[in-house]
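Coordinates in review
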Amino acid sequence: MFVRCHHDHRRNILMVICIHDICGKIQLFNFDLFCVLLFFSRWVEQDPVEILQSVYECVERTCEKLNQLNVDIANIKAVGVSNQRETTVVWDKLTGEPLHDAIVWLDLRTQPTVERLLKRIPGQNKSFLKSKTGLPLSTYFSAVKLRWLLDNVPKVKQAVLNRRALFGTIDSWLIWSLTGGKDGGIHCTDVTNASRTMLFNIHSLEWDEELCKFFEIPMEILPKVRSSSEIYGLMKISPTLSSGALTGIPISGCLGDQSAALVGQMCFKDGQAKNTYGTGCFLLCNTGQKPALSEHGLLTTVAYKLGREKPVYYALEGSVAIAGAVVRWLRDNLGIARSSDEIEKLAADVGTSYGCYFVPAFSGLYAPYWEPSARGIICGLTQFTNKNHIAFAALEAVCFQTREILDAMNKDCGIPLSQLQVDGGMTNNKILMQLQADILCIPVVKPSMPETTALGAAMAAGAAEGVGVWSLNLDDLTAVTCECFEPKINPEESEYRYRRWKKAVKKSMGWETSEPQESGETSIFCSLPLGFFVMSSLLMLIGAKYISAYCK
């Protein structure tokens, strides 16, 4: 939860609360467990009830803190929601209970589901649905996660048959719960989250009947799609809590996290782009009111729609699965440092990877490759390589992945970016930001307030009709203070390092498959004659032992 205070000449202090469920922001969430799941399993789940309880606790603590500061809670005018986009939840609308843990965007269990669906597509073309959705068929998006739940969780299947099931991404689950839940909760989502499901037509801005038939998803379980800035419903919190004072406050902003960051960075003009460095890395470029389909591995997505009667804006997006997560992997799994700050210091002490390259494809490769078979590798090791070089290579890997996406985006847009606006927790790492400028050969610009995801949701909530705390018209917006990182190495060195990185990426591909193992790794019991021989030999040895004991 974040609270932003704004002064207005017509009012006293006005506040918008932004609820953001990114892991690690909320202490109740067991992030260490999340990391273990992330790196050692194809399954990545979160408890929807725990997320909701964490939100309630954040609301409560914020209200208590405001009271301690003698700030009147009545000044809170609206609530905005920002969330992980593709993470999928199904719950029972009569009991209000989730029917399974939320399946997180990084989860890979659905790869066999994807492969089965591909067999129904002519030529097994992953881009077959892209003309409607802007997305390739991948484990990343909500439709295949929902299909897996219907195929593998009896409670979900039965609830759908009994017309008790509701589906949503995390924003839908939170808004439904915060507006009353089973007692009249509002089941809705916004266009940015809907556009990440593979069930939503990004041109008509509606759930698509043909897409739902392809994935065999019943349309009655889907939430109503709304704009990113309008009043969805009113908060309902127990009056016995401090936060009970928020009862009746409108929830009026809803954006998927990357769209929220785009708004928070005020990228409202065609060609403006931002890159968010969090668990993953997400580069979005505003392409205006017409969707631009990528020919270089990028996604076409809805950027925002800031009002019921306002136009929809689109973006090209490059998604990287592992960015900040690689730093946590070095800290928690390898134990080469006790904190993220120490990783930065290790890298700064050497200032080079000494020819070591790290491809953190723990969950396969996302844009521009969309290669689920890839796995992480560290190559170029020598007897002189130490933990400092590996720490540097890990930070460099985040920058190389961004370079790949930016190259694809420049090809699609035709006009290279002259600078890159950045945000997210990793931007506090100055070594990373300087590396990024060096590898891109353009300036990297960081706003003084890096949590632009929260700011974007707050902006949408405050601008909603019926709230009207502020205007998002370009003429009414003011510039923000920024820190700029200029390139410090020559382009030739940057290109050399980038070529070596691309070579490492090729070596990371083709490691994983959902197909059964071929010859050479089969069990001896797969051969009936050999299996029979081994089993009969064991029985003879056991019999001989007993006979020998009896004779004695």
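Residues numbered from 1 in each chain as written. Predicted model: local features only at pLDDT ≥ 70, side-chain atom pairs only at ≥ 80, totals over all residues. Heavy atoms only, no water.

1. A closer look at the environment of Pro 368
Summarising the element assignment, Pro 368 is placed in the loop between β18 (357-359) and β19 (377-379). On the basis of relative accessibility, which here comes to 22%, the residue Pro 368 falls in the partly exposed class. Spatially, the C-alpha atom of Pro 368 lies 7.2 Å from that of Glu 404, the residues being 36 residues apart in sequence. Discounting residues that sit within four places of it in the chain, Pro 368 has contacts with His 296, Gly 297 and Glu 404. (Helix = DSSP H or I, 4+ residues; strand = E, 2+ residues; numbered from the N terminus. Buried < 20%, exposed > 50% of the residue type's maximum accessible area, 1.4 Å probe, protein only. Contact = heavy atoms within 4.5 Å.)

2. What about the pattern of salt bridges?
Applying the stated criterion across every chain, the model contains 27 salt bridges. When the shortest N-O distance is used, the salt bridge between Glu 86 and Arg 85 registers 3.8 Å. Here Glu 86 matches Arg 85 in class, with each residue buried. Between Arg 338 and Glu 342 there is a salt bridge, with the nearest N and O atoms lying 3.9 Å from each other. Connected through shared salt-bridge partners, Arg 85, Glu 86, Arg 196, Asp 257 and Glu 317 make up one network. (Salt bridge = Lys/Arg side-chain N within 4 Å of Asp/Glu carboxyl O.)

3. What to know about the packing of helix α2 (residues 48-68) against helix α7 (residues 170-178)
Orientation of α2 relative to α7, taken along the N-to-C sense of each, is 60°, at an axis distance of 11 Å. In this view, α2 runs oblique relative to α7, as classed from their interaxial angle. Crossing hand, α2 versus α7: right-handed. Residues Pro 48, Val 49, Ile 51, Leu 52, Val 55 and Tyr 56 of α2 touch α7, and the partners they reach there are Ile 170, Trp 173, Leu 174, Ser 177 and Leu 178. The residue makeup of the contact of α2 with α7, split by class, is 10 nonpolar, 1 polar and no charged. (Axes fitted to C-alpha atoms, helices over the stretch in contact; angles between N-to-C directions. Parallel < 35°, antiparallel > 145°, perpendicular 65-115°, else oblique. Left-handed = near helix turned anticlockwise from the far one by under 90°. Nonpolar A, V, L, I, M, F, W, Y, C, P; charged D, E, K, R; others polar.)

4. Re the sheet that holds strand β21 (residues 444-447)
As summarised here, the arrangement of the 7 strands in space is β16-β17-β15-β14-β20-β21-β22, forming an open sheet in which the pairing is mixed. Looking at which strands have only one partner, the edges of the open sheet turn out to be β16 (299-304) and β22 (482-485). Taken pair by pair, the neighbouring strands of this sheet meet at an average axis angle of 30°, ignoring direction. Pairing of strand β14 (residues 273-277) with strand β20 (residues 420-423) involves 3 bridges; the strand directions are parallel. The residue bridging Asn 275 from the neighbouring strand is Val 422, located in β20. Sheet contacts for helix α13 (residues 387-413): β14, β15 (281-288), β17 (313-320) and β20; angle to β17, the most-contacted strand, approximately 145°. (Pairing = 2+ DSSP bridges.)

5. Section: empty space enclosed by the protein
Rolled over the atoms, a probe with the dimensions of a water molecule shows which regions are left empty. Applying the stated criterion across every chain, the model contains 2 cavities of 30 Å³ or more. Estimates place the volume of the largest cavity at around 80 Å³. Residue lining of the largest cavity: 13 residues in total, with Val 320, Ala 321, Leu 365, Tyr 366 and Gln 401 positioned closest to the centre. Contributions of two or more residues to the lining of the largest cavity are made by β17 and α13. Partitioning the lining of the largest cavity into residue classes produces 9 nonpolar, 3 polar and 1 charged. (1 Å grid on protein atoms, 1.4 Å probe; cavity = no way out; pocket = protein on both sides within 12 Å on 5 of 7 lines; lining within 4 Å. Points joined across faces, edges and corners; volume = space filled by probe spheres on them.)

6. Some details on the packing of helix α3 (residues 111-118) against helix α5 (residues 142-152)
Relative placement of two packed helices is described by the angle separating their axes and the distance separating the axes. Between α3 and α5, the shortest axis-to-axis distance is 9 Å and the interhelical angle comes to 100°. In terms of axis orientation, α3 runs roughly perpendicular to α5. In this structure, α3 contributes Thr 113, Val 114, Arg 116 and Leu 117 to the contact, and α5 contributes Val 144, Arg 147, Trp 148 and Asp 151. Of the residues that constitute the contact of α3 with α5, the class distribution is 4 nonpolar, 1 polar and 3 charged.

7. Considerations on the side chain of Asn 388
Mapping Asn 388 onto the fold places it in helix α13. The exposure class of Asn 388 is buried, given its relative accessible area of 12%. Here Leu 346 takes part through its backbone oxygen, which lies 3.1 Å from a polar atom of the side chain of Asn 388. Apart from the residues within four sequence positions on either side, Asn 388 is in contact with Leu 346, Ala 347, Asp 349 and Val 350. (Polar contact = N/O pair within 3.5 Å; in protein donor to acceptor, adjacent residues only side chain to side chain.)

8. A look at the packing of aromatic side chains
Applying the stated criterion across every chain yields a total of 23 aromatic pairs. For the ring pair Phe 141 and Trp 370, a centre distance of 6.3 Å and an interplane angle of 40° mean the geometry is tilted. With Phe 141 in the loop between α4 (130-133) and α5 and Trp 370 in the loop between β18 and β19, this pair connects stretches of sequence that are 229 residues apart. Of the two residues examined, Phe 141 and Trp 370, each falls in the buried class. Here the aromatic residues Trp 105, Tyr 140, Phe 141, Phe 282, Tyr 366 and Trp 370 are joined through ring pairs into a cluster of three or more. The lysine or arginine in question, Arg 109, covers the ring of Trp 148, its NZ or CZ lying 4.7 Å from the ring centre. (Phe/Tyr/Trp six-rings, centres within 6.5 Å; stacked < 30°, edge-to-face > 60°. Lys NZ or Arg CZ within 6 Å of the ring centre and 35° of its normal.)

9. Digging into the nonpolar core
Membership of the largest hydrophobic core comes to 133 residues, with the highest contact counts inside it found for Leu 137, Phe 215, Tyr 277, Tyr 304 and Phe 358. Sort the elements by how many residues they give to this core and α13 lands first, with 14 residues. Summarising the domain contributions, this core has at least three residues from each of domain 1 (2-265) and domain 2 (323-447 + 481-508). One finds Ile 76, Leu 178, Leu 246 and Ile 251 within the second-largest nonpolar core, a separate group that totals 28 residues. (Core = buried A, V, L, I, M, F, W, Y, C linked by side-chain atoms within 4.5 Å. Domains from an automatic or database assignment.)

10. Focus: the side chain of Glu 396
Tracing the chain through its elements places Glu 396 in helix α13. Here Glu 396 is in contact with Ser 353, Cys 356, Leu 435, Ile 439 and Arg 497, once residues within four sequence places are set aside.

Fair warning: the whole summary comes from geometry, so function is off the table for now.
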